[in-house]
Amino acid sequence: MQILIIRHASAEERSAFAATGKSDDRRPLTDEGRRKMTEAAKGLRALVSHLDVIAASPLVRAQQTAAIVAKAYRIADVETTSTLTPDAQPASFAKWAHAYVNHDVVAVVGHEPHLGTLVTWLLSGRADSHVVLKKGGACLVECDGAPGPATGRLHWLLTPAMLRRMAE
């Protein structure tokens, strides 16, 4: 099972959005973030030809990023899972992902530092972050069987600029 792990694209500034009185969970992508993620998704397609499933955190910026990636892959539905929220534990992700163990490629969209912690946990079993994904960046981790602590191998980790260059 390969897990394509994607950090959400650039969102509106936290402090400016807080002034609206709305929950940070509702903070959307910027126009530039949408544009850059659309190009980065083309780069993802060049590296990973198909996805079986795409899932995202329920936060708006992750949902919007996942919708852009889903469109690039012509996938109709994005699954929402709380296992990708910023405070979720890696073990909860593994439990969720167990349902997809027979799929080839599962893409997930979430937030830092949660994703960095998840990648570190999959690679080493440590539940702290030693990997940083830039906004709109991605990595590909392969697990033999069900994802769990120290079951993954890192294939690549790319910045959004690298992904956009791959789309050219």
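What counts, and at which threshold
- Residues numbered from 1 in each chain as written.
- Predicted model: local features only at pLDDT ≥ 70, side-chain atom pairs only at ≥ 80, totals over all residues.
- Heavy atoms only, no water.
- Core = buried A, V, L, I, M, F, W, Y, C linked by side-chain atoms within 4.5 Å.
- Buried < 20%, exposed > 50% of the residue type's maximum accessible area, 1.4 Å probe, protein only.
- Helix = DSSP H or I, 4+ residues; strand = E, 2+ residues; numbered from the N terminus.
- Contact = heavy atoms within 4.5 Å.
- Salt bridge = Lys/Arg side-chain N within 4 Å of Asp/Glu carboxyl O.

Asks: Quick question: what am I supposed to make of the nonpolar core here?
Replies: As a rule of thumb, soluble globular proteins bury nonpolar side chains together. Core analysis: the largest hydrophobic core is formed by 27 residues, its most contacted members being Leu4, Leu44, Leu51 and Val69. Listing elements by their share of this core, those giving two or more residues are strand S1 (2–7), helix H2 (31–47), strand S2 (53–56), helix H3 (60–72), strand S4 (105–110), strand S5 (138–143) and strand S6 (152–158). With 5 residues, H3 is the largest single contributor of residues to this core. In this structure, Leu44 is in contact with Leu4, Ile6, Met37, Val69, Tyr73, Ala138, Trp156 and Leu163, ignoring residues within four places of it in sequence. Judged by nonpolar contacts, the second largest core, of 23 residues, contains Met1, Trp96, Trp121 and Val131.

Asks: Before we go on, may I ask you to explain the pattern of salt bridges in this structure?
Replies: Opposite charge on two side chains lets them pair, provided their charged atoms get close. Throughout the structure, instances matching the rule amount to 9 salt bridges. A salt bridge links Arg61 to Asp24; the nearest nitrogen and oxygen atoms lie 3.1 Å apart. One end of the pair, Arg61, is in helix H3; the other, Asp24, is in the loop between helix H1 (14–18) and H2, with 37 residues separating them in the sequence. The partly exposed category is assigned to Asp24, whose relative accessible area is 25%. One salt bridge in this structure joins Asp128 and Arg126, with 2.8 Å as the shortest N-O distance. Judged by relative accessible area, which is 27%, Asp128 ranks as partly exposed. Accessibility expressed as a relative area gives 44% for Arg126, which makes it partly exposed. The structure contains a network of salt bridges with shared partners spanning Asp24, Arg27 and Arg61.

Asks: What should I look at first to understand unusual backbone geometry in this one?
Replies: The phi angle of most residues is negative, glycine excepted, and most peptide bonds adopt the trans form. Residue Glu112 is joined to Pro113 through a cis peptide bond whose omega torsion reads 5 degrees. Positionally, Pro113 belongs in the loop between S4 and helix H5 (114–124). Positive phi is not limited to glycine here, since Arg74 has a value of about 55 degrees. Among the structural elements, Arg74 can be located in the loop between H3 and strand S3 (79–80). In this model, Ala150 sits at a positive phi of 60 degrees, which is unusual for a non-glycine residue. Take Ala150: it is sitting in the loop between S5 and S6. Ala150 sits in the partly exposed class, given a relative accessible area of 49%.

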